[in-house]
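Descriptive analysis of the structure
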Amino acid sequence: MSQPAASFNQRLRALNPRQRIAFMAALCERLTPNYTLYAGMSRMGDPNVLYNVLDLVWEQLQVKSAKIDFDKQAEKLAAVEPPEADDSFGARRATESIMALTTLLDALRSEAPEAVLEVSQVSRNGVRAYIEMVDGSEDSERLNALFREHELMQDERDYQDAVLEAVEADPNIEALRELRTLGRNQGVSNLGLSLD
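On a predicted model such as this, the values are computed, not experimentally measured, just so you know.

This brings us to the packing of aromatic side chains. A full pass over the atoms with the stated rule returns 2 aromatic pairs. Summarising the aromatic geometry, the rings of Phe-89 and Tyr-130 are spaced 5.9 Å apart at their centres and angled 45° between planes, so their arrangement reads as tilted. Taken together, the residues span a long stretch of sequence, with Phe-89 in helix α5 (residues 89–109) and Tyr-130 in helix α6 (residues 115–135) at a distance of 41 residues. Across the pair, Tyr-130 and Phe-89 agree in class, each one buried. Taking NZ or CZ as reference, Arg-30 lies 4.1 Å from the ring centre of Tyr-159, over its face.

Below, the structure written as structure tokens:
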């Protein structure tokens, strides 16, 4: 009898610290357009801060000797968070982008094995919230079926699977560049929203 395949979360937990960082960085790349769209519509925040932090994360992955002050980067992220009083859908998704990146920085600053699961869940939760807003139902059974079957959630699962497979191969510098391109997803976020 063959062994059952390891669950997605078990596979995430089995990653080494560098692989976890690469996985989270790719997901953060795909979340960042949500922040950019919010900043453009609300005229608040600064997407360049998020992109600069991501540049430094990828640099750290590619150049082991890079000396980067991730505490300072975390402070910069906190300074561009949407205001707490803004409870709009866009602000919540922008806040998720900041949360995911902050969690990634936490993992870079200290051993945080659960961080990779948190970033994965933040991305999925954003998709769930979007599906509920657009196609929601009062019936929780119907809503759960919708979450399972919706093309955006299927795309999210496929995307995270593809990223996980890429990082499980312990990517070299060229593979990291390809992973970042995959993360950027041609400017389309996990919600299917485009910067164009």
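Of note, Glu-111 is situated in the loop between α5 and α6. Separated by 94 residues in sequence, Glu-111 and Pro-17 have C-alpha atoms that sit 7.8 Å apart. Apart from the residues lying within four places of it in its own chain, the contact partners of Glu-111 are Pro-17 and Arg-20.

Phe-23 and Val-57 are the most contacted members of the largest nonpolar core, which has 47 residues in total. Elements supplying a minimum of two residues to this core: α1 (8–14), α2 (17–42), α3 (47–62), α4 (70–79), α5, α6, α8 (151–168) and α9 (173–184). Among the elements that take part in this core, α2 stands out by supplying 12 residues, more than any other. Core analysis: the second largest hydrophobic core is formed by 10 residues, Phe-89, Val-127, Tyr-130 and Leu-146 among them.

What counts, and at which threshold
Residues numbered from 1 in each chain as written. Predicted model: local features only at pLDDT ≥ 70, side-chain atom pairs only at ≥ 80, totals over all residues. Heavy atoms only, no water. Phe/Tyr/Trp six-rings, centres within 6.5 Å; stacked < 30°, edge-to-face > 60°. Helix = DSSP H or I, 4+ residues; strand = E, 2+ residues; numbered from the N terminus. Buried < 20%, exposed > 50% of the residue type's maximum accessible area, 1.4 Å probe, protein only. Lys NZ or Arg CZ within 6 Å of the ring centre and 35° of its normal. Contact = heavy atoms within 4.5 Å. Core = buried A, V, L, I, M, F, W, Y, C linked by side-chain atoms within 4.5 Å.

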